[in-house]
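Structural features, examined
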Amino acid sequence: MHSAGYQAHLVGGGVRDLLLGHEPKDFDVATNASPEEVKAVFRNCRLIGRRFRLAHVHFGHEIIEVATFRGMQEDSAPAVRDSDNGMLVRDNVYGTIEEDALRRDFTVNALYYNIEDFSVIDYTGGLEDLEKGLLRLLGDPATRYREDPVRMLRAIRFAAKLGFRIDPACETPILKQGALLRSVPAARLFEEVLKLFMSGTAVQAFEKLRHYNLFSELFPETDECLTHEEHDFPITFVVRGLHNTDLRIREGKPVTPAFLFAVLLWEPVRRTTQLLVESGEPPALAIQQAGAEVISRQIAQTSIPRRFSMPMREIWQLQHRFEQRGARRAKRLMVHPRFRAAYDFLVLRADAGEADLELAQWWTQIQEAQPEVQNRMFNKEGVAAGRRRRRRRRSRPAEPEES
Ligand code: ATP
Ligand code: MG
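Residues numbered from 1 in each chain as written. Chains lettered and ligands numbered in written order. Predicted model: local features only at pLDDT ≥ 70, side-chain atom pairs only at ≥ 80, totals over all residues. Heavy atoms only, no water.

Details of the layout of surface pockets
By volume, the largest pocket amounts to about 1600 Å³. If you go around the largest pocket, you meet 44 residues; those closest to its centre are R70, R103, D148, R154 and R188. Elements represented by at least two residues in the lining of the largest pocket include exactly α1 (13-19), β2 (28-31), β4 (54-59), β5 (62-68), α6 (150-162) and α8 (186-197). With six residues, α6 is the single largest residue contributor to the lining of the largest pocket. Partitioned by chemical class, the residues of the lining of the largest pocket number 15 nonpolar, six polar and 23 charged. (1 Å grid on protein atoms, 1.4 Å probe; cavity = no way out; pocket = protein on both sides within 12 Å on 5 of 7 lines; lining within 4 Å. Points joined across faces, edges and corners; volume = space filled by probe spheres on them. Helix = DSSP H or I, 4+ residues; strand = E, 2+ residues; numbered from the N terminus. Nonpolar A, V, L, I, M, F, W, Y, C, P; charged D, E, K, R; others polar.)

Rendered as C-alpha cells:
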C-alpha cells in the first residue's frame, strides 16, 4: 500500500499487543485508499461488507483486514442514530486518520504503526494509557456505550486479557447501563461470549462480568442460580469449568463452544431436571426436556448455533447414563461419539462436589483398565445399583430402566 502511494498503518489490537510484548491474534490495517483502490493494488483481495466495505487481503491462510479511514457521523444526521437508544445504525462515512482514531473504542486500541518511518501515531494518549495499564474510552463513556453496548463487554474482555484497569469514568456507566445489552443481536453476543471465555482468561472475565452485573444480562438463568448457591456448588462448578478451559487453551488443547456453554448452563438444566423428576417425569426424559427448555430460553440472550446446541444436549443427557455401570450399557456409552466430552463434564461435576466422586473415578479407571479388569469392574454393577436404589428411595421415585 505504501509503495503504491497510500497511507497504510497497522492499527488496533495488533499494535497494542506488539507494544505489550504479546503475540497479536490478527492484523488490521487502516488506509486512506478506498476499498476499490486497495483491490487494485492486490490481486489476492476480496471486498466484503455492504454497509461498510472492507478489503480482505489474503496471504496464504492469513487474512489482513484493510479498512479505509472512517469518519465520525455528523450530529446533524439524526437518521443514522436509533432515536430510542442512541445506538449507531449506520456507520459508513470515510474520513481522515484522526477521525478514524476518534471513532475507535479505547485509547490503547487507537494506535497506528506507521511503516513509513517506523513510528507509532497516537492522537488520543493511547501510549500513556498503555504504560499505565488503563482502559479509557474515547469520548463520553455513557454515549459511547449507548452507541454500541458491546463496548462494555470489550472493556471487560480487555481488562481480563491484559490485566488492565478500567478507567473509573468508564466503569460507572457499565454498572448502570448493563440493560443496553438487550438491544444487541443475540448472534453478536454469542460471538462476544466466545471471545470472553475462550481467550485464556475466562475466570477473570467471569469474575468481572459478575462484578459489573453484566453476567446476568448474558446468562440470566445461570446468574439467578448463582445467587441461590448452596455449599458453594454452582459457583465452584462454573469457575472450575472456566479454569479448565483456560488451562486447555494455555496448553494448546482444543476447546469447544459446546462444552463451554454446557458448563455455563448446567445449573439451570440441573434444577429444571430436578423439578421435572419431582413431578414424576423419568430422569432420562426430564434432562432431555430441561436441556431443550433452558436452551430455548437462553437463545433470547445469546444465540447458540445448532452445531453447538446438539452436542451440548448430548453432554447433558449422557450424564444420566453414567450411573449405569453394567457391562453392556457401559461399553455402549464408551463408544458414543460424545463420550469423552461427557466424561470430562462428569469429572468436573465430581470435582465441584455435585456428582459422586467414586462414580467419576470408576469411569476414569474403566477406560484405562485391561479387558479382564474391566470385566471384574462391570461385575460390581449389582452392588452399585443396589446402593443407588437404597439412596434414591428417599429422594425421588424409582427410575425405569432404559431399553
Ligand atoms: P483482539 O483482536 O485482540 O480481540 P482488537 O482490539 O484487535 O482485539 P478487534 O475486534 O479485532 O479488536 O477490532 C480491531 C479494532 O477495531 C479495535 O482495536 C478498535 O480500534 C476497533 N473496534 C473494534 N470494535 C469496536 C467497537 N465496537 N467500537 C469502536 N471501535 C471498535
Ligand atoms: Mg483484532
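Brief notes about the site of ligand 1
Close contacts around ligand 1 come from 18 residues, with R16, K25, D148, R151 and R157 the closest. Within the contact set of ligand 1, an oxygen atom lies 2.7 Å away from a side-chain nitrogen or oxygen of R157. When ligand 1 sits alone it has 580 Å² of accessible area, and the protein chains cover 85% of it. Under a 2 Å grid-point criterion requiring more than half of the atoms, the pocket assigned to ligand 1 is the largest pocket. The set of elements that each furnish at least two residues to the shell around ligand 1 consists of α1 and α6. For the shell around ligand 1, the element with the highest residue contribution is α6, accounting for five residues. Residues of the shell around ligand 1, tallied by class, amount to one nonpolar, three polar and 14 charged. (Near = heavy atom within 4 Å. Polar contact = N/O pair within 3.5 Å; in protein donor to acceptor, adjacent residues only side chain to side chain. Areas by Shrake-Rupley, 256 points an atom, 1.4 Å probe, with all protein chains shown as cover. Sits in = over half its atoms within 2 Å of the grid points.)

Let's talk about the packing of aromatic side chains
Aromatic ring pairs: the centre-centre distance and the angle between the two ring planes describe each pair. All told, the structure shown has 17 aromatic pairs when counted by the stated rule. Between F206 and F215, the ring centres sit 5.0 Å apart and the planes meet at 85 degrees, which makes this aromatic pair edge-to-face. With respect to burial, F206 and F215 carry one shared label: buried. A cation over an aromatic ring shows up here: R70 above the ring of F52, its NZ or CZ 3.5 Å from the ring centre. (Phe/Tyr/Trp six-rings, centres within 6.5 Å; stacked < 30°, edge-to-face > 60°. Buried < 20%, exposed > 50% of the residue type's maximum accessible area, 1.4 Å probe, protein only. Lys NZ or Arg CZ within 6 Å of the ring centre and 35° of its normal.)

Considerations on the nonpolar core
Of all hydrophobic cores here, the largest spans 82 residues; its most connected members are F197 and W316. With nine residues, the top contributor of residues to this core is α6. Residues in contact with F197, not counting those within four places in the same chain, are A202, A205, F206, L209, F215, F219, L242, T245, L260 and L264. Residues F322, L346, W363 and A369 belong to the second largest nonpolar core, which totals 18 residues. (Core = buried A, V, L, I, M, F, W, Y, C linked by side-chain atoms within 4.5 Å. Contact = heavy atoms within 4.5 Å.)

Here we look at the side chain of D167
Relative to the assigned elements, D167 resides in the loop between β9 (165-166) and α7 (168-177). The buried charged residue D167 lacks any salt bridge, with R136 as its nearest oppositely charged partner at 5.5 Å. (Lys, Arg positive; Asp, Glu negative; His and termini not counted. Salt bridge = Lys/Arg side-chain N within 4 Å of Asp/Glu carboxyl O.)

A short note on the confidence of the model for the protein chain
Interpreting fine coordinate detail is not advised for predicted regions of low pLDDT. Summarising the model, the protein chain shows a mean pLDDT of 90, and 89% of its residues fall at 70 or more. The low-confidence segment residues 75-79 (pLDDT under 50) makes two contacts with residues lying over four places distant or belonging to another chain. Long-range and interchain partners of residues 382-403, a stretch whose pLDDT sits below 50, account for 22 contacts in this model, where long-range means more than four residues apart. (pLDDT = per-residue confidence, 0-100.)

A closer look at the environment of R297
By secondary structure assignment, the location of R297 is in helix α15 (residues 283-298). Once the C-alpha coordinates of R297 and E221 are considered, the two residues, 76 residues apart in sequence, prove to be 8.7 Å apart. Beyond its immediate stretch of four places on either side in the chain, R297 contacts E221 and T272. Within the local environment of R297, its side chain forms a polar contact with the side chain of E221, the two groups lying 2.6 Å apart.

A few points about the packing of helix α13 (residues 257-264) against helix α16 (residues 306-321)
Viewed as axis vectors pointing N to C, α13 and α16 meet at an angle of 55 degrees, and their least axial separation amounts to 8 Å. The orientation of α13 relative to α16 falls into the category oblique. For the element pair α13 and α16, the recorded crossing hand is right-handed. For the pair α13 and α16, contact is made by P257, A258, F259, F261 and A262 and by F308, P311, M312, I315 and W316, respectively. Classifying every residue of the contact of α13 with α16 by side-chain character gives ten nonpolar, no polar and no charged. (Axes fitted to C-alpha atoms, helices over the stretch in contact; angles between N-to-C directions. Parallel < 35°, antiparallel > 145°, perpendicular 65-115°, else oblique. Left-handed = near helix turned anticlockwise from the far one by under 90°.)

Re the pattern of salt bridges
In this structure the tally under the stated criterion is 24 salt bridges. Close ionic contact of R16 with D17 constitutes a salt bridge, the shortest N to O distance being 3.0 Å. On the basis of relative accessible area, R16 is assigned to the buried category, the value being 4%. A salt bridge links R144 to E147; the nearest nitrogen and oxygen atoms lie 3.0 Å apart. Of this pair, R144 and E147 both sit in helix α5 (residues 141-147), three residues apart, which is roughly one turn of the helix. Exposure remark for E147: the relative accessible area of 11% places this residue in the buried category.

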